[in-house]
There are 2 protein chains.
Amino acid sequence: MEMNDIILKKRMGNALSKAEIAFFIEGYTKGEIPDYQASALLMAIMFQKLDIEETVNLTESMKMSGDTVDLSPINGIKVDKHSTGGVGDKTTLIVGPIVASCGVPVAKMSGRGLGFTGGTVDKMESVPGMQTTMDTDHFISQVNRIGLAVIGQTGHIAPADKKLYALRDVTATIDNLSLISSSIMSKKLAAGADAILLDVKCGSGAFMKDIDDATSLAEMMVHIGHQFNKKTVAVVTDMSQPLGHAVGNSLEVMEAIHTLKGQGPKDITELSLELSSIMIYLGGRSKSLDEGRKMAAKSIADGRALEKFRQFISAQSGNPDVTNDESLFPQAEHEISMHAHENGFIHGIDANSIGLASQHTGAGRMIMGETIDLSAGIVLQKKVGDVVQVGDILATIQGNDEKKLQAAKIECIDAFQIGKKKPAGEPLIKKIIGLL
Amino acid sequence: MEMNDIILKKRMGNALSKAEIAFFIEGYTKGEIPDYQASALLMAIMFQKLDIEETVNLTESMKMSGDTVDLSPINGIKVDKHSTGGVGDKTTLIVGPIVASCGVPVAKMSGRGLGFTGGTVDKMESVPGMQTTMDTDHFISQVNRIGLAVIGQTGHIAPADKKLYALRDVTATIDNLSLISSSIMSKKLAAGADAILLDVKCGSGAFMKDIDDATSLAEMMVHIGHQFNKKTVAVVTDMSQPLGHAVGNSLEVMEAIHTLKGQGPKDITELSLELSSIMIYLGGRSKSLDEGRKMAAKSIADGRALEKFRQFISAQSGNPDVTNDESLFPQAEHEISMHAHENGFIHGIDANSIGLASQHTGAGRMIMGETIDLSAGIVLQKKVGDVVQVGDILATIQGNDEKKLQAAKIECIDAFQIGKKKPAGEPLIKKIIGLL
């Protein structure tokens, strides 16, 4: 088999066989197939697409390119959750404790990466003492003991995807549904859960800008999951404005704590209950989504979700007192405010601009391996639909580098759109795909 | 400027600016832009094409990526000839002496490369003592003295093209008209001639299999030449069967000598006269093609063309006695014959199969830098339209490695198609493009 022939075959619009895809992924992972042939194939795929069978085979090859995690020593139906990424999305830190407190084991591996803020493990590290690495035995025993563990993803999960993603990033070959789907699903499948819930974000702050693309991505990933005999559900949710008020690392953990106390922003609370209800249902702990939702709401109301969060922090060597004392989090030296210049209603808060501003405060990485400022970020004081008057604070911007904050402020200003009439607003949950 | 943005721009179907193309070519030549970004762009070009302006700009950038040759110290209008490559094409060795003897200076740089046989400089080296490298001063003074010099191309002519071609070869991005045209024309333009004659081969033994593609390539190259203010003419010629009878290195030089003596095969003689007539006309030595053709024919008839060939050999330290004594050429140790198994007429001789068989005798390189067997190759005893009877020799295959010859024989057998009726045959000269 010759890589040049495989590239030509795809260029001519023919489907690649399972063996050809495996040849490519195995050879590329080992470094036997060079980057320049891989990028030529990727670009041919941008034009000729992969059909669903090729996409499933690509997912399988990437999944098998490294370690796969065996979660079978964990009792119960393990449900994993994945978000395609947005601005202010701290739901893992809320949903994890809720569903664990309802009896669904959560054994989650999460990333760091580049982005508007750190990843879930970066956010967790803003809790003093919190550890996010442990060996598999420890990880499994923690889930069996308290129902919840979240650790950083090891480098051995789907290394082919890691290498290919880095290549796609610099060769204008990111935005293809099959490549995106197989990238996400190969890692989720390697991570070993029994059921998978996918939160596909849609809107200006998300990779998928419109509902049709987001729906297609959701459907493709659900289809892939089913091909691997995994219960898989996708929800398409709004990311036209940031989720909740807080965008940053410690800021988001604090907002997660508020939400677990029943005092969170409406949208974050609603989304967390929705995601929890599906996970509880997939985990076999409820007979319906409605019942799951009631269980989730009750776990917040009676404090069990918050208590599970504290257990989780303690189990990973963190200080659980952060749930009562926010001064324990890293503190920002500087804070500046952004004020409204007109009266009216907030019509839109461009999530992408807020995300970039957050990244530029120091809350997110610009390059791999960069240290991030865990205290930095943005707190929105107004959300879409709120009334504003001239001089009202729209957002506060905080961090340790004052210059960066001023630059971020300029980026934030254009993010807010103010109009005279009350706007209709976007529904938060747009679609659920994969539930029978 | 970011290479990723340039790739995306082309992927989306937009035209690249002159500055973007220059950024790519300069960065790629210097190694600042990696192969994997170049191959992604090349694949995007396969799908979205380059328009004529982009193609001209690409040609310009590649031309300027290395040295350009200044032929202005040579008196007269310098005319270069380029063949897109076929099987048995030894016309440079015939046309060069003819047109030089008619007063048109020929200062030619020629390649080696991979192929069915060696390149022109390899063929020349089958003449004992023949030198194919010299410095520019020597090269120019030889042309001024005898009107003709042919040397190997230096590595500094269009290095961007050299690097890109090697990449295209392994990423299934060869067959795009703009990439092919700019590759050829960048080298021709850097080589400094005043006028360019392009012989675009068409048929099974050529890169362009059909007349429409060959015509498009010819038209594009002529257009590029005109954009650079060079007189440029293209002829589209048949390559459905090999040219002449000899395919190899020394074998082809011998056939060139026969042709210069007026004893060459009909097709080689005809093509050489046609190409010579155009070069004489472009070189300002005739008022019409007809007059140029008569001058060319006369130079053969009165021995001036052969005498020019002998001068040329002597000037480059070769032994001119090869024109009288073929035993001076490298001799093959082995020769085997291939016989006809049926009676009839030769309907076709697949040039591609004969070319591959020739390569496999040792006459052509499989990998860069390989030594070739200058004595090896194939002599066709029959051509399309000839009558054959069972037992007639169709071809002889010669060289120094008997095993290779047996393998080549098997490849040759399928090349010959024999039918009952006399075939119509293909016209040799299909089109002439660029003559006003």
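Residues numbered from 1 in each chain as written. Chains lettered and ligands numbered in written order. Predicted model: local features only at pLDDT ≥ 70, side-chain atom pairs only at ≥ 80, totals over all residues. Heavy atoms only, no water.

**Here's the deal with the overall build of chain A**
Along its length, chain A carries 16 helices and 13 strands. For chain A, whose C-alpha radius of gyration is 22 Å, the value lies close to the compact-globule estimate of 22 Å for 436 residues. With the C-alpha coordinates of chain A rotated into their principal frame, the extents come out at 65 × 45 × 40 Å. Classification of the 436 residues of chain A by burial places 57% in the buried group. Intrachain contacts of chain A at a sequence separation of at least 6 include 78% that bridge at least 24 residues. Here chain A displays about 17100 Å² of accessible surface, and carbon together with sulfur accounts for 50% of that area. (Helix = DSSP H or I, 4+ residues; strand = E, 2+ residues; numbered from the N terminus. Rg over C-alpha atoms; globule rule 2.2 N^0.38 Å. Buried < 20%, exposed > 50% of the residue type's maximum accessible area, 1.4 Å probe, protein only. Contact = heavy atoms within 4.5 Å. Areas by Shrake-Rupley, 256 points an atom, 1.4 Å probe, with all protein chains shown as cover.)

**Structural notes on helix H13 (residues 289–301) of chain A**
All names here are of chain A. Taking 1.5 Å per residue, 13 residues should reach 18 Å; H13 reaches 18 Å between its end C-alpha atoms and fits that length. Listing the buried residues of H13 in full gives Gly292, Ala296, Ser299 and Ile300. End-on view of H13: buried residues confined to an arc of 100°, all on one side of the axis. Summarising the geometry of H13, the exposed residues directed more than 90 degrees from the buried face are Asp290, Lys294, Lys298 and Ala301. On its buried face, H13 sits against helix H5 (91–101), helix H11 (250–260), helix H12 (266–282) and helix H14 (304–315). One or two steps after H13, the chain reaches glycine 303, where phi turns positive at roughly 85°. (Expected span 1.5 Å × (residues − 1). Arc of directions from axis to C-beta.)

**Some details on the pairing of strand S1 (residues 79–83) of chain B**
All names here are of chain B. Of all five residues in S1, five are buried, a share of seventy percent or more. Neither face of S1 is open: one carries Val79, Lys81 and Ser83, the other Asp80 and His82, and all of them are buried. As paired strands, S1 and strand S4 (residues 195–202) are joined by five bridges and run parallel to one another. Each residue of the ladder has a partner; that of lysine 81, found in S4, is leucine 197. (Pairing = 2+ DSSP bridges.)

**Notes on the relation of the copies chain A and chain B**
Placing chain A over chain B gives an RMSD of 0.0 Å and needs a rotation angle of 180°, together with 0.0 Å of translation along the axis. Overall, the copies show the geometry of a two-fold rotation axis. Taking C-alpha positions as reference, the residue of chain A nearest the rotation axis is Tyr36(A), located at 1.9 Å. The residues that chain A uses at the interface reappear at the interface of chain B in 100% of cases, marking a shared surface. (Least-squares fit on C-alpha atoms with pLDDT ≥ 70 in both.)

**A closer look at the domain arrangement of chain A**
Residue and element names in this part refer to chain A. Annotation of chain A at the domain level lists domain 1 (3–48), domain 2 (79–325) and domain 3 (331–419). Counting residues at the interface gives 27 residues for domain 2 and 27 residues for domain 3. Of the roughly 2000 Å² buried where domain 2 meets domain 3, counting both sides, 56% is carbon and sulfur surface. Counting the contacts that link domain 2 with domain 3 gives two salt bridges. Here aspartate 122 makes a salt bridge to arginine 365, at a shortest N to O gap of 2.8 Å. On inspection of domain 2 and its partner domain 3, the count reaches 15 residue pairs in polar contact (both at pLDDT 80 or more). Elements with a contribution of two residues or more to the side of domain 2 that touches domain 3: strand S6 (246–248) and H11. (Domains from an automatic or database assignment. Buried area = accessible area lost by both parts, 1.4 Å probe. Salt bridge = Lys/Arg side-chain N within 4 Å of Asp/Glu carboxyl O. Polar contact = N/O pair within 3.5 Å; in protein donor to acceptor, adjacent residues only side chain to side chain.)

**Structural notes on the packing of helix H4 (residues 52–63) of chain B against helix H10 (residues 211–227) of chain B**
Think of two packed helices as two axes; the pair is described by the angle between the axes and how far apart they sit. Residue and element names in this part refer to chain B. Relative to each other, H4 and H10 sit at 65°, their axes nearing to 10 Å. The two elements H4 and H10 meet at a crossing, and its hand is right-handed. Where H4 abuts H10, its residues Ile52, Thr55, Val56 and Thr59 lie against Met220, His223, Ile224 and Gln227. For the contact of H4 with H10, the class distribution of residues is four nonpolar, four polar and no charged. (Axes fitted to C-alpha atoms, helices over the stretch in contact; angles between N-to-C directions. Left-handed = near helix turned anticlockwise from the far one by under 90°. Nonpolar A, V, L, I, M, F, W, Y, C, P; charged D, E, K, R; others polar.)

**Here's the deal with the sheet that holds strand S10 (residues 387–388) of chain B**
All names here are of chain B. Ordered by their spatial adjacency, three strands build an open sheet running S10-S8-S12, and the pairing between neighbours is antiparallel. Edge strands, defined here as strands with exactly one partner in the open sheet, are S10 and strand S12 (416–419). Inspection of the sheet shows strand S8 (residues 344–349) paired to S12 by four bridges, in the antiparallel sense. Residue pairing in the sheet places glycine 348 in a bridge with glutamine 417 of S12.

**What to know about helix H15 (residues 351–363) of chain A**
Taking 1.5 Å per residue, 13 residues should reach 18 Å; H15(A) reaches only 15 Å between its end C-alpha atoms and comes up short. Within the span of H15(A), buried status applies to Ala351(A), Ile354(A), Gly355(A), Ala357(A), Ser358(A), Gln359(A), Thr361(A), Gly362(A) and Ala363(A).

**Points about the side chain of Ser299(A)**
Residues and elements named next belong to chain A. Relative to the helices and strands, serine 299 resides in helix H13. Among the polar contacts listed, one links the side chain of serine 299 to the backbone oxygen of alanine 296, at a separation of 2.9 Å. Excluding anything up to four places from it in sequence, serine 299 contacts Ile98, Ser101, Cys102, Arg304 and Ala305.

**Regarding the packing of aromatic side chains**
As enumerated under the stated definition, the model contains five aromatic pairs over all chains in all. Aromatic side chains Phe309(A) and Phe312(A) sit 6.2 Å apart centroid to centroid with 50° between the ring planes, which places their arrangement in the tilted category. Highlighted residues: Phe309(A) and Phe312(A), both in helix H14, separated by three residues, approximately one helical turn. Here the aromatic rings of Phe24(B) and Tyr28(B) are separated by 6.0 Å at their centres, their planes lie at 25°, and the arrangement is stacked. Note that Phe24(B) and Tyr28(B) are positioned in helix H2 (residues 18–30) at a spacing of four residues, about one turn of the helix. Overall, Phe24(B) belongs to the buried group, its relative accessible area being 5%. Judged by its relative accessible area of 1%, Tyr28(B) is buried. Looking at Lys163(A), its charged tip hangs above the ring of Tyr28(A), at a distance of 4.4 Å from the centre. (Phe/Tyr/Trp six-rings, centres within 6.5 Å; stacked < 30°, edge-to-face > 60°. Lys NZ or Arg CZ within 6 Å of the ring centre and 35° of its normal.)

**Notes on the sheet that holds strand S5 (residues 231–238) of chain B**
Residues and elements named next belong to chain B. Reading across from one edge, S1-S4-S5-S13 is the order of the four strands in this open sheet, with mixed pairing throughout. What marks the edges here is a single partner per strand, and that holds for S1 and strand S13 (429–433). Looking at each pair of strands side by side, their axes are set apart by 15° on average, direction ignored. In the sheet, S4 pairs with S5 via eight bridges, with the strands oriented parallel. Within S5, the residue paired with cysteine 202 across the bridge is aspartate 238. Its contacts with the sheet place helix H9 (residues 177–190) against S1, S4 and S5, and it is angled at close to 150° to S4. Where H10 meets the sheet, its contacts fall on S4, S5 and S13, and the angle it forms with S5 comes to roughly 165°.

**Side note on the interface of chain A and chain B**
Listed by partner, the interface residues are 21 residues for chain A and 21 residues for chain B. For the pair chain A and chain B, the interface holds two salt bridges. Asp175(B) is paired through a salt bridge with Arg11(A); the nearest N and O atoms lie 2.8 Å apart. Along the contact surface separating chain A from chain B lie 13 residue pairs in polar contact (both at pLDDT 80 or more). At the level of elements, helix H1 (3–11), helix H3 (35–48) and helix H8 (159–169) of chain A are the ones that each hand at least two residues to the side of chain A that touches chain B. Broken down by element, the side of chain A that touches chain B gets its largest block of residues, ten residues, from H3(A).

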